[in-house]
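The lines below spell out each chain.
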Amino acid sequence: MQNAAAAMAAAAARPAAMAAAAGSSDYYARLLQLCQTAANPSAGQAIHAHAIKAGLLVSTYLCNNILSYYAGAGMRGGSFGDARRLFEEIPAARRNVFTWNTLLSMYAKSGRLADARAVFAEMPERDAVSWTIMVVGLNRTGRFWEAVKTFLDMVGEGLTPTQFTLTNVLSSCAATEASGIGRKVHSFVVKLGLSSYVPVANSVLNMYGKFGDAETAKAVFDRMPVRSLSSWNSMVSLYARQGRMDLAVSMFENMEERSIVSWNAVIAGYNQNGLDGTALKFFNRMLSDSSMEPDIFTATSVLSSCANLRMLKMGKQMHSYILRVGMPYSGQSQMTNALISMYAKSGSVETARKIMDQAVISDLNVISFTALLEGYVKLGDMKQAREIFDVMKNRDVIAWTAMIVGYQQNGQNDEAMELFRSMIKSGPDPNNYTLAAILSACASLACLDYGKQIHCKAIRSLQEQSVSVSNAIITMYARSGNVTLARRVFDRICWRKETVTWTSMIVSLAQHGLGEEAVGLFEEMVRVGVKPDRITYIGVFSACTHAGFVDKGKAYYEQMRIEHGITPEMSHYACMVDLLARAGLLTEAQEFIQQMHVAPDAIVWGSLLSACRVQKNADLAELAAEKLLSIDPDNGGAYSALANVYSACGRWNDAARIWKLRKDKAVKKETGFSWTHLHNKVHVFGADDVQHPQRDAIYKKAAEMCEEIKKAGFVPDLNSVLHDVDDELKEELLSRHSEKLAIAFGLISTPEKTTLRIMKNLRVCNDCHMAIKFISKVVEREIIVRDATRFHHFRDGFCSCKDYW
């Protein structure tokens, strides 16, 4: 650079002597080349001025050199205007192909393709270089189809592509997966004898790799007389992307030389194919067996594996390494997203949120947002989850589904349904996971009409055939009170029914009091060779419990253990205790608890305690309550159940003592409420509800209803009131139970003969059960009540449970 500056200074001081000594434009051309090397724009302009004074611009050779200098200066941040002005000053007669190609290359290499196309169109003559410049420019700016078309036009003009043309058009074919054209370009390579030219051969290899054609790629690889490191890496990457990790590793082990790209290909391959543990082992091998330092791509794959395995400690170590070596991840969206996903999936949601807050939102992808969203969902923090969801751009079906599932799993079913409606209006098409989740929300709210609409959507989108969707449809109909439609869906499933499908139907039949049908379906399931699982047996035990099939229940318990090798879990023990106790076999139920191989939990003692109310066994109820409260001191249900037993036995003082004890210990009693879904809205009622806008009309109808059923012979069960008050007040309290208010609302809000569907969070009391039987006969309607344990179908004065619940 110093020599060039000295020569230019001397030339400026002695223009006449310099011109005389040079005698031609060659000297100026050499100086311009020195200026380009030294990146000295002012010196180049000085040489241009001296050439003008010396009258040497008549030389096309010198003009081309000056133009080339200005073009290069423009691409290094200078002005394209100088090059364009000089080009315009060169007489058309002295412009040759090189002149035009210089200007064309300047525009194409700088990405100014509109200007490049204009120059290309004006060119009086084009050679192979002209066409190659356009192909290269289009390929580098991502206009792959245009690059391919330009190449085809070039060949159509009869021009022979160069090695550089071929490598770029092969790259464009790979990017667009234009396999037909790519194979034709490959034939050009063979015809021109360039198969042994390593850059071209690598481009062919890379193209077939992008096509996923491993066999042809391997054939090209095997025929290469000389292979570069890039050749080996292409094959390792191809096999890894296809999940053929045995071949990828075999190729890797045969490499004489490896780069970080080689290691990254295998690590990423394991990670992308779900073999995250192996990916981390291979990463550790890289650290111990090679001198390679992890780069951004290594770190991204390792963080992804740590995220999938919930390995927070190793993920933190990788993050520390990134910070320690100064690996840039600000502005590196891939790295930032990997860090957010790792922390969010590993349970460190707040750290993930901090990284997201420090990042540029445009750098974040839907995967990292979704990981953070799911992290908040797992914590039950739906407010934060919704904030993340609302700032997401280009939300995909996974993000929508994660949010809907989060609402549904956290009991916010109304929000889940509202978001699903928004998804239908403005989001992507729901997938089978979305439909299964929203069907579960419909089931929880007993939204039968909306559930039917979603069922229709599942049929139209062919997603009804998904196991998860079909099971959700069965459950939706069953929990919405229509077990007939649930069975119809089950029977229509023509593909092989899986265990979970059979189980869904068995549980549904059991919940609706159809014990014989549930048991019969279970027998059919075993007969056709479908193996029941632990949940299937819970459904069967439940069916036997509600139908009073004690002997069958005992037989199925032994079958579960001996024939199917399922070790009883606490839920099975609880079912068996409930089966025995409800049948009045309290002593046998107590003996069963004593013989259990594990200590009974609160559910087991709770089952025994509930049965004691039916059997009016206060002594055993006291024992069960004592055991239950020793496990769960804040269990308000235990106090309520024991008080119920005392009330049923007429021991009002003891019942009052239990209520006072609960109050003194500040144990909250679960509030009973009922709800019904009418006119696309869920209406909720509590006992003695005063919140509903139609309160006066509801209370008036409830009072009329009570008078009508009394005339039909109904006698209130005053023992259902757990307080020692006078009979008149007891009767008034009973008339305002939440399920009665919900029924009254249904009667004034729906046409005659319409089926009413009422949901209740607690078990229906004796008085309400008897009253609803009378109501169903008086108003001539079917009333379906879903309480905490089962369904009751009331019709013509009878209940499907046969008063055994």
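What you are looking at is a predicted structure, and each value in this text was computed from that prediction instead of being measured.

1. A look at the UniProt feature "repeat: PPR" (unreviewed entry) in the protein chain
So, point 1. The positions that UniProt labels "repeat: PPR" (unreviewed entry) are, in the present scheme, residues 96–130, 228–262, 365–395, 396–430 and 498–532.
So, point 2. What you have in residues 228–262 is 71% helix and 0% strand, and the ends, taken at the C-alpha atoms, are 12 Å apart.
So, point 3. Secondary structure across residues 498–532 comprises 74% helix and 0% strand; the distance between its end C-alpha atoms is 10 Å.

2. Thoughts on the packing of helix H22 (residues 349–358) against helix H23 (residues 366–379)
So, point 1. Remark: H22 packs on H23, axes separated minimally by 10 Å, with the N-to-C direction vectors making an angle of 145°. With respect to the hand of their crossing, H22 and H23 are arranged in left-handed fashion. On H23, the residues touching Val349, Glu350, Ala352, Arg353 and Met356 of H22 are Phe369, Leu372, Gly375, Tyr376 and Leu379.
So, point 2. For the contact of H22 with H23, the class distribution of residues is seven nonpolar, one polar and two charged.

3. Structural notes on H23
So, point 1. For H23, spanning 14 residues, the distance from its first C-alpha to its last is 20 Å, which sits close to the expected 20 Å at 1.5 Å a residue.
So, point 2. Most of H23 is tucked away: ten of the 14 residues are buried.
So, point 3. Buried residues belonging to H23 abut helix H21 (333–345), H22, helix H24 (382–391) and helix H25 (397–409).

4. What to know about the pairing of strand S2 (residues 681–686)
So, point 1. Two strands pair when backbone bridges link them, and strand S1 (residues 673–678) and S2 are joined in this way by six bridges, in the antiparallel orientation. When the bridges of S2 are listed, serine 674 appears paired with phenylalanine 685.
So, point 2. A loop of two residues connects S1 with S2, the two strands running antiparallel in sequence, and histidine 679 in this loop sits at a positive phi of about 55°.

5. Things to note about the sheet that holds strand S5 (residues 791–795)
So, point 1. Here we have six strands laid out as an open sheet, ordered S2-S1-S3-S4-S5-S6, and mixed in their pairing. Single-partner strands in this sheet number two, and they are S2 and strand S6 (798–799).
So, point 2. Here helix H44 (residues 766–778) sits on the sheet and contacts strand S4 (783–786), S5 and S6; the angle it forms with S5, its principal contact strand, is near 40°.

6. Things to note about the packing of aromatic side chains
So, point 1. Taken as a whole and assessed by the stated rule, the structure comprises 18 aromatic pairs.
So, point 2. With a centroid separation of 6.1 Å and an interplanar angle of 90°, the aromatic rings of tyrosine 208 and phenylalanine 211 are classed as edge-to-face. Residue tyrosine 208 and its partner phenylalanine 211 are both found in helix H13 (residues 198–211); the two are separated by three residues, about one turn of the helix.
So, point 3. Note on phenylalanine 490 and tryptophan 502: the rings are 5.3 Å apart at their centroids and 80° apart in plane angle, and the pair reads as edge-to-face. With a gap of twelve residues between them, phenylalanine 490 in helix H30 (residues 483–492) and tryptophan 502 in helix H31 (residues 499–511) connect regions that are remote in the sequence.
So, point 4. Among the residues examined, phenylalanine 490 registers a relative accessible area of 3% and is labelled buried.
So, point 5. The exposure class assigned to tryptophan 502 is buried, which follows from its relative accessible area of 6%.
So, point 6. One aromatic cluster is present, built from ring pairs that chain together Phe522, Tyr537, Phe541, Tyr556, Tyr557, Tyr573 and Phe592.
So, point 7. The residue whose ring lies beneath arginine 126 is phenylalanine 120, and the NZ or CZ to ring-centre distance is 4.1 Å.
So, point 8. The ring of phenylalanine 221 is capped by arginine 227, whose NZ or CZ atom sits 4.3 Å from the centre of that ring.

7. A few points about unusual backbone geometry
So, point 1. Phi at arginine 310 is positive, roughly 55°, even though this residue is not glycine.
So, point 2. Of note, arginine 310 is situated in the loop between helix H19 (296–308) and helix H20 (312–324).
So, point 3. What makes arginine 310 partly exposed here is its relative accessible area of 42%.
So, point 4. Its identity as a non-glycine residue notwithstanding, leucine 462 has a phi of 65°, on the positive side.
So, point 5. Note that leucine 462 resides in the loop between helix H28 (448–460) and helix H29 (467–479).
So, point 6. Note on leucine 462: relative accessible area 63%, which makes it exposed.

Scoring rules and cut-offs
- Residues numbered from 1 in each chain as written.
- Predicted model: local features only at pLDDT ≥ 70, side-chain atom pairs only at ≥ 80, totals over all residues.
- Heavy atoms only, no water.
- UniProt positions renumbered as here; feature names shortened; annotations may be inferred.
- Helix = DSSP H or I, 4+ residues; strand = E, 2+ residues; numbered from the N terminus.
- Axes fitted to C-alpha atoms, helices over the stretch in contact; angles between N-to-C directions.
- Left-handed = near helix turned anticlockwise from the far one by under 90°.
- Contact = heavy atoms within 4.5 Å.
- Nonpolar A, V, L, I, M, F, W, Y, C, P; charged D, E, K, R; others polar.
- Expected span 1.5 Å × (residues − 1).
- Buried < 20%, exposed > 50% of the residue type's maximum accessible area, 1.4 Å probe, protein only.
- Pairing = 2+ DSSP bridges.
- Phe/Tyr/Trp six-rings, centres within 6.5 Å; stacked < 30°, edge-to-face > 60°.
- Lys NZ or Arg CZ within 6 Å of the ring centre and 35° of its normal.

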